[in-house]
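Below, each chain spelled out in residue letters.
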Amino acid sequence: MKLTERMRELRKERHLRQEDIAAELDIATTTYCRYELGMREPNASLLDQMADYYDVSVDYLLGRTDDRK
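Along each chain, the written sequence defines residue order, and numbers are assigned to residues from 1. In keeping with the predicted nature of the model, local features appear solely for residues at pLDDT of at least 70, side-chain atom pairs appear and are counted solely at 80 or more, and the whole-chain, interface and lining totals rest on all residues. The basis for every side-chain value is the complete set of heavy atoms in the structure, and neither hydrogens nor water enter the calculation.

1. Let's talk about the packing of aromatic side chains
Point 1. Each Phe, Tyr or Trp ring (for Trp, its six-membered ring) is paired with any other whose centre lies within 6.5 Å, and the angle between the two planes then decides the class: stacked below 30 degrees, edge-to-face above 60, tilted in between. Tallied over the entire structure, the rule returns one aromatic pair.
Point 2. Aromatic pair Tyr-53 and Tyr-54: ring centres 5.2 Å apart, planes at 75°, arrangement edge-to-face.
Point 3. When accessible area is computed with a 1.4 Å probe and restricted to protein chains, residues below 20% of their type maximum are described as buried, those above 50% as exposed, and intermediate ones as partly exposed. Residue Tyr-53 is classed as partly exposed on the basis of its relative accessible area of 32%.
Point 4. Lysine NZ or arginine CZ positioned within 6 Å of the ring centre and within 35 degrees of the ring normal marks a charge as sitting over the ring. Just above the ring of Tyr-60 sits the side chain of Arg-6; from NZ or CZ to the centre is 3.9 Å.

2. Quick look at the nonpolar core
Point 1. Nonpolar core, defined: a set of buried Ala, Val, Leu, Ile, Met, Phe, Trp, Tyr and Cys residues in which side-chain atoms within 4.5 Å join the residues together. Counting residues in each nonpolar core, the largest one holds 16 residues, and the members touching the most others are Tyr-32, Met-50, Val-56 and Leu-61.
Point 2. Starting at the N terminus, helices and strands are each numbered in turn, a helix being any DSSP run of H or I of at least four residues and a strand any DSSP run of E of at least two. Every element with two or more residues in this core is listed here: α1 (2–13), α2 (18–25), α3 (29–37), α4 (44–54) and α5 (58–62).
Point 3. Broken down by element, this core gets its largest block of residues, five residues, from α4.
Point 4. By definition, residues are in contact when any of their heavy atoms lie within 4.5 Å. Once you skip the residues sitting within four places of it in the chain, Leu-61 turns out to touch Lys-2, Leu-3, Arg-6, Leu-10, Leu-47, Met-50, Ala-51 and Val-56.

3. Re the packing of α1 against α4
Point 1. Angles here are taken between N-to-C directions and fall from 0 to 180 degrees, while the axes themselves are lines fitted to C-alpha atoms, restricted in helices to the stretch in contact. One way to put it is that α1 packs onto α4 with a least axis distance of 11 Å and a crossing angle of 35°. Note that α1 runs across α4; the crossing there is left-handed. Counted together, Leu-3, Met-7, Leu-10 and Arg-11 of α1 and Leu-47, Met-50 and Tyr-54 of α4 form the full contact between these two elements.
Point 2. Here the term charged refers only to Asp, Glu, Lys and Arg, the term nonpolar to Ala, Val, Leu, Ile, Met, Phe, Trp, Tyr, Cys and Pro, and the term polar to all other amino acids, Gly among them. A class-by-class count of the residues in the contact of α1 with α4 yields six nonpolar, no polar and one charged. With the far helix as reference, a near helix turned anticlockwise by less than a right angle produces a left-handed crossing, and one turned clockwise produces a right-handed crossing.

4. Structural notes on unusual backbone geometry
Point 1. Backbone geometry places His-15, a non-glycine residue, at a positive phi of 55°.
Point 2. Checked against the element boundaries, His-15 lands in the loop between α1 and α2.

Spelled out as structure tokens, the structure:
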């Protein structure tokens, strides 16, 4: 799944831990881990928050485009 790959890629590019991103998004670390593992899917609001945090488009996160903006 593209979303999980993109989430992991963006986090690692910034040398962040899952705990760091979870804190930024105000969610539990276990919840974020499940998103990266593909065990859960974030809702639209959280996808928007992630896109803003990483300065990419939601379409990029979802794998609909390779253009980050």
